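# Coordinate inspection notes
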Amino acid sequence: MLDVDLHCHSTHSDGLLTPVEVVTRAFEQGVRMFALTDHDDLSGLPQARATAEAHGLQFINGVEISVSWHDETLHIVGLNFDPEHADIAGGLRDVRAGRHERAERIAADLERAGVAGALAGAKRYARNPDLLSRPHFARYMVELGLVKDTQTAFKRYLTPGKPGYVEHVWATLAQAVQWISVAGGAAVIAHPGRYKLNNRQNESLLGEFRDLGGTGVEVVTGSHTADQYETWARYAQRYGLKASAGSDFHGPGESYLDMGKLPDLPYGLVPVWEGF
Ligand code: AMP
Ligand code: MN
Ligand code: MN
Ligand code: MN
């Protein structure tokens, strides 16, 4: 079992627990090196760091940046960077600005599909008003009784081809890697097994990411099966990339994997956290 978790969310994006609660829970679950990686937002880091320091937990600054790459939305995790650096702070401000208009389009689509009051409803679940996300819409649809859980809301409404899904242009891959790198951090491709990419596209992504200065890929994540740990371990080795590990915890009942339950990295990989 790993005592490292480098991918988790709080109420500053689409998680259910505050930064203080997430870090406290990580500590109680046996995690000793922890990164908070809220989507496109750094505002939870100071509170999370203070809580970690009070527990004697090693805290790593983190973020999960939304990126558009060809027809796919990718997530790039940034680790161990300076959150005060103007490039990442300003870049993320622009990414967040795009979320407002996107949320309005999602809400308009959902209204047409019969979900009344979608925008106001989702906003009630977003503790950070700059970070309206699909899970907030999903939670509101559960409240309405339209779906039994958030997974079902995604399956019926919030994924490509469904009535509440809208196309959106996020940051570029080059921007995300650059923002993280110039702030002194390590860029990592989050849950690579989750994207709808074939082998040739995976190879092209990894080559481009490495050439841009990317550091690693998540091998062990709550989104991967045991088979995918092996697949992505091989990709990491072939491309000379380091390996990361994170639960992608969003809250009790809304996660594939709890904190403190990550298996060790497959043999032979270089952990991205070596040297943190
Ligand atoms: P957004 O950034 O608004 O596109 O929301 C993305 C978030 O939605 C992800 O970070 C996950 O937390 C959640 N999510 C994405 N796909 C699913 C799914 N199929 N089931 C449940 N949650 C999902
Ligand atoms: Mn999320
Ligand atoms: Mn993600
Ligand atoms: Mn995540």
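What you see is a predicted model; the values in this text were computed from it and never measured.

Here the manganese ion (ligand 4) is held by His7 (NE2), His9 (NE2), Glu64 (OE) and Asp248 (OD), and the distances to it run 2.1 to 2.2 Å. On the primary sequence, the residues serving as donors to the manganese ion (ligand 4) are separated as H-x1-H-x54-E-x183-D. Here the manganese ion (ligand 4) and the manganese ion (ligand 2) are spaced 4.4 Å apart. Within this pair, whereas His7 is found in the loop between β1 (4-5) and α1 (19-28), its partner Asp248 is found in the segment after β7 (242-246), the two being separated by 241 residues in sequence.

Let us now look at the coordination of the manganese ion (ligand 2). Metal coordination angles in their ideal form are 109.5 degrees for the four-donor tetrahedron and 90 or 180 degrees for the six-donor octahedron. Surrounding the manganese ion (ligand 2) are the protein donor atoms Asp14 (OD), His39 (NE2) and His250 (NE2), at 2.1 to 2.2 Å. Along the chain, the residues that donate to the manganese ion (ligand 2) are spaced as D-x24-H-x210-H. Between the manganese ion (ligand 2) and the manganese ion (ligand 3), the interatomic distance is 5.4 Å. On the criterion of sequence distance, the pair formed by Asp14 in the loop between β1 and α1 and His250 in the segment after β7 is long-range, its members being 236 residues apart.

Turning next to the site of ligand 1. Around ligand 1, the surrounding shell consists of Asp14, His39, His75, Arg99, Arg102, Ser133, Arg134, Pro135, Gln151, Phe154 and His250. Between ligand 1 and Arg134, the relevant distance is 2.9 Å, taken from an oxygen atom to a main-chain nitrogen or oxygen of the residue. Gln151 is positioned with one of its side-chain polar atoms (N or O) 3.2 Å from a nitrogen atom of ligand 1. A total of 500 Å² of accessible area belongs to ligand 1 in isolation, and the protein chains cover 82% of it. Because more than half of its atoms lie within 2 Å of the grid, ligand 1 is assigned to the largest pocket. Secondary-structure elements contributing two or more residues to the shell around ligand 1 are α3 (86-112), α5 (134-144) and α6 (150-158). Residue composition of the shell around ligand 1, grouped by class: two nonpolar, five polar and four charged.

Reading the values: rules and limits
Starting from 1, residues in each chain are numbered consecutively following that chain's sequence as written. A letter from A marks each chain and a number from 1 marks each ligand, given out in the order of writing. Per-residue local features of the predicted model are confined to residues with pLDDT of at least 70, and side-chain atom pairs are confined, for both listing and counting, to 80 or more; whole-chain, interface and lining totals are unaffected and use all residues. Only hydrogens and water are set aside; all other atoms, that is, all heavy atoms of the structure, feed into the side-chain values. Atoms are scored as donors when they are N, O or S and lie within 2.8 Å of the metal, with 3.2 Å used for Na, K and Ca; no water is included, so coordination may look incomplete. Where helices and strands are cited, they refer to DSSP runs of H or I of at least four residues and of E of at least two residues respectively, numbered from the N terminus. Each residue is tested against the molecule or strand, and it is near if at least one of its non-hydrogen atoms lies within 4 Å. The term polar contact refers here to a pair of N or O atoms within 3.5 Å; inside protein, the definition further demands a hydrogen-donor-capable atom paired with an acceptor-capable atom, and it admits residues adjacent in sequence only when both atoms are side-chain atoms. Only the protein chains shown count as covering a residue, and every accessible area follows the Shrake-Rupley method with a 1.4 Å probe. Cavities and pockets are defined on a 1 Å grid built over the protein atoms alone: a cavity is a set of grid points where a 1.4 Å probe fits but cannot escape, while a pocket is an open set with protein on both sides within 12 Å along at least five of seven lines, and lining residues are those with an atom within 4 Å of any such point. Grid points define the cavity or pocket, and a molecule sits in it when more than half of its atoms lie within 2 Å of them. Gly counts as polar in this scheme, as do all residues outside two lists: the nonpolar Ala, Val, Leu, Ile, Met, Phe, Trp, Tyr, Cys and Pro, and the charged Asp, Glu, Lys and Arg.

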